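Read off the chains here:
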Amino acid sequence: GRLHAVLELLQYGAMVGMMFAALAWWHWGLWALFITPVVANLVGPSVALLALRRSLGFRNPWKWGQVIFRQGLPSILPNLSEIAAMSADQYYLQRWFPLADLGIYSHSQSYKNLFNYALKAFSSSFMPLILAQYAGTDPERRASQWLRQWYLVLGGLGLGATCLSYEVVALLTHGKFN
């Protein structure tokens, strides 16, 4: 559970670090917004497999590779379409709106992705615990309590993000997009 959460958060951190390097040191400009998510999502699962190879205990990696490929194949098209949609909306924003609007939008997408990665990390870490609670005595009540608390936290974070989004963006970007 925890290892999965750490791997998800490390993948996000690597993507942010690579985007910073692509923008600040390599001066890729707008291309950094397109290339870094693709590279991070290609490298991330490979690193995860390397980190988990001992705990998975498989002896024939080609057999497992084929199984993973067969299971993951249906998700390739939706993932590629999500990347294309993210790239397309940034392209159209750049084409018809000022660059400052594209900067605000890109920052907000990064923050939205932070919540998505936190949700994935939570799901990987706590879902086994919730399912174990569900298998115990009075499962509906316990699972209902866990999920109610989780949705309360999510609702509070969402409300806080909505109410404070302008101030947070201004703070994190040092007022460059005001």
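Up top you'll find the structure we're talking about.
Residues numbered from 1 in each chain as written. Predicted model: local features only at pLDDT ≥ 70, side-chain atom pairs only at ≥ 80, totals over all residues. Heavy atoms only, no water.

Caption draft 1: Main features of the side chain of T36. The residue T36 is located in helix 2 (residues 31–56) in this model. Of note is the side chain of T36, whose polar atom sits 2.6 Å from the backbone oxygen of A32. Residue contacts for T36: discarding those within four places in its chain leaves M15, M18, M19 and A22. (Helix = DSSP H or I, 4+ residues; strand = E, 2+ residues; numbered from the N terminus. Polar contact = N/O pair within 3.5 Å; in protein donor to acceptor, adjacent residues only side chain to side chain. Contact = heavy atoms within 4.5 Å.)

Caption draft 2: The packing of aromatic side chains, seen in detail. On inspection of all chains with the given rule, the structure shows two aromatic pairs. With a centroid separation of 5.7 Å and 75 degrees between ring planes, the pair formed by F20 and W25 is classed as edge-to-face. The exposed category is assigned to W25, whose relative accessible area is 60%. An angle of 35 degrees between the planes, with centres 5.2 Å apart, marks the rings of W26 and W28 as tilted. (Phe/Tyr/Trp six-rings, centres within 6.5 Å; stacked < 30°, edge-to-face > 60°. Buried < 20%, exposed > 50% of the residue type's maximum accessible area, 1.4 Å probe, protein only.)

Caption draft 3: Structural detail: unusual backbone geometry. At H27, a residue that is not glycine, the phi angle is positive and equals roughly 55 degrees. Mapped onto the elements of the fold, H27 is located in the loop between helix 1 (2–24) and helix 2. On the basis of relative accessibility, which here comes to 63%, the residue H27 falls in the exposed class.

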